[in-house]
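Inside the fold
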Amino acid sequence: NAGVTQTPKFRVLKTGQSMTLLCAQDMNHEYMYWYRQDPGMGLRLIHYSVGEGTTAKGEVPDGYNVSRLKKQNFLLGLESAAPSQTSVYFCASWGTEYQETQYFGPGTRLLVL
Amino acid sequence: KQEVTQIPAALSVPEGENLVLNCSFTDSAIYNLQWFRQDPGKGLTSLLLIQSSQREQTSGRLNASLDKSSGRSTLYIAASQPGDSATYLCAGIFNAGNMLTFGGGTRLMVKP
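In what follows, the accompanying structure is described. (Residues numbered from 1 in each chain as written. Chains lettered and ligands numbered in written order. Predicted model: local features only at pLDDT ≥ 70, side-chain atom pairs only at ≥ 80, totals over all residues. Heavy atoms only, no water.)

So, about the interface of chain A and chain B. Contacts between the two partners involve 23 residues from chain A and, on the opposite side, 23 residues from chain B. On the surface where chain A and chain B come into contact, there are zero salt bridges. Summed over the shared surface of chain A and chain B, the number is three residue pairs in polar contact (both at pLDDT 80 or more). Listed by contribution, the elements that provide at least two residues to the side of chain A that touches chain B are β4 (31-37), β5 (43-49) and β9 (87-94) of chain A. No other element matches the four residues that β4 of chain A contributes to the side of chain A that touches chain B. Each residue belonging to the side of chain A that touches chain B can be placed in one class, and the counts come to 13 nonpolar, seven polar and three charged. (Contact = heavy atoms within 4.5 Å. Salt bridge = Lys/Arg side-chain N within 4 Å of Asp/Glu carboxyl O. Polar contact = N/O pair within 3.5 Å; in protein donor to acceptor, adjacent residues only side chain to side chain. Helix = DSSP H or I, 4+ residues; strand = E, 2+ residues; numbered from the N terminus. Nonpolar A, V, L, I, M, F, W, Y, C, P; charged D, E, K, R; others polar.)

Put into structure tokens, the structure is as follows:
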């Protein structure tokens, strides 16, 4: 039982390049989330999914796209990276019970030059 | 829009001291309040979760309380140790929603 995993762990991009971050969970959770964390700040929600084939916008969705083609995977895409997207990205999953916590991945550090 | 605030942003205490971290929120329709620990360069580890029907939860030297009427939660750490040094984040789910709203975190340093 690996929990929530994220690929890659670290990436450097040039402005305008594209990339996809992969999140995978093995807990059969319905809900999955992508957050970003900037220095001195808490986590802000980018996009989330309430089930396979569904996605919704969070607090800071601009410049990102997501897809949930399989229940266990949630992909975050940057079509044209900008320096403002330099951040640490966390994925999380949740089983929808309020007595249960969200489970977080280890994070992906992204540097956009 | 719900807001979650943590003050202070940073705290330094000597080893052995009992301490309290504060979290306040603007929406009393809270479904649960969670405290997480984050070590530098790492992900989030869940410490305690308090459901809206509960007033507190305890785990070892940690005790978290929830007061919905005043919009406050506290995390009490007893007999602090250098290994407790980390950033502590509180987050809540509000209005039967499905997403966490995070505070900015308190960076704790426990000095030997």
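Structure shown, so let's carry the discussion forward.
All names here are of chain B. With antiparallel pairing, the five strands of this open sheet are ordered in space as β1-β3-β8-β7-β6. Unpaired on one side and paired on the other, β1 (4-5) and β6 (56-59) mark the two borders of the sheet. Across two bridges, the pairing between β1 and strand β3 (residues 19-25) is antiparallel. For Thr5, the partnering residue across the bridge sits in β3 and is Ser24. (Pairing = 2+ DSSP bridges.)

To continue, consider the side chain of Thr106 of chain B. Residues and elements named next belong to chain B. Note that Thr106 resides in strand β11 (residues 106-111). Residue class for Thr106 comes out buried when judged on its relative accessible area of 0%. Within the structure, the side chain of Thr106 is placed 2.7 Å from the backbone oxygen of Pro8, a separation counted as a polar contact. Once residues lying within four places of it in the same chain are set aside, the contact partners of Thr106 are Gln6, Pro8, Ala9, Leu11, Leu21, Ala86, Thr87 and Tyr88. (Buried < 20%, exposed > 50% of the residue type's maximum accessible area, 1.4 Å probe, protein only.)

Further remarks concern the packing of aromatic side chains. Counted according to the given criterion, the structure contains 11 aromatic pairs over all chains. Measuring from ring centre to ring centre gives 6.1 Å for Tyr33 of chain A and Tyr35 of chain A, while their planes differ by 25°; the resulting arrangement is stacked. Tyr35 of chain A carries the same exposure label as Tyr33 of chain A, and that label is buried. Seen in terms of ring centroids, Phe104 of chain A and Phe102 of chain B are 6.1 Å apart; in terms of plane orientation they differ by 80°. Their pairing is edge-to-face. Separated into two different chains, Phe104 of chain A in strand β10 (residues 103-104) and Phe102 of chain B in strand β10 (residues 101-102) make up a pair that spans both. Judged by its relative accessible area of 9%, Phe102 of chain B falls in the buried class. (Phe/Tyr/Trp six-rings, centres within 6.5 Å; stacked < 30°, edge-to-face > 60°.)

Residues and elements named next belong to chain A. Under the counting rule described, the total for this entry stands at five salt bridges over all chains. Lys71 serves as the salt-bridge partner of Glu30, at 2.9 Å between the closest nitrogen and oxygen. Remark: Lys71 occurs in the loop between β7 (65-67) and β8 (73-78) and Glu30 occurs in the loop between β3 (19-25) and β4; sequence separation between them is 41 residues. Asp38 serves as the salt-bridge partner of Arg44, at 2.7 Å between the closest nitrogen and oxygen. For Arg44, a relative accessible area of 22% gives the class partly exposed. Within the structure, one salt-bridge network assembled from shared partners comprises Arg36, Asp38 and Arg44.

With that settled, consider the environment of Ala29 of chain B. With respect to the helices and strands, Ala29 of chain B occurs in the loop between β3 and β4 (30-38). The contacts of Ala29 of chain B, once residues within four sequence positions are left out, are Ile93, Phe94 and Asn95 of chain B.

As enumerated under the stated definition, the model contains two disulfides over all chains in all. Covalent S-S linkage joins Cys23 of chain A and Cys91 of chain A, the inter-sulfur distance amounting to 1.8 Å. Here the S-S torsion is close to -75°, and the disulfide linking Cys23 of chain A with Cys91 of chain A is therefore left-handed. Taken as a pair, Cys23 of chain A in strand β3 and Cys91 of chain A in strand β9 lie far apart in primary sequence, 68 residues in all. Here Cys23 of chain B engages in a disulfide with Cys90 of chain B; their sulfurs sit 2.0 Å apart. Looking along the S-S bond of the Cys23 of chain B-Cys90 of chain B disulfide, the torsion reads about 75°, which is the right-handed sense. Here the residue Cys23 of chain B occupies a position in strand β3, and Cys90 of chain B occupies one in strand β9 (residues 86-94), the gap between them amounting to 67 residues. Accessibility expressed as a relative area gives 2% for Cys23 of chain B, which makes it buried. (Disulfide = S-S within 2.5 Å.)

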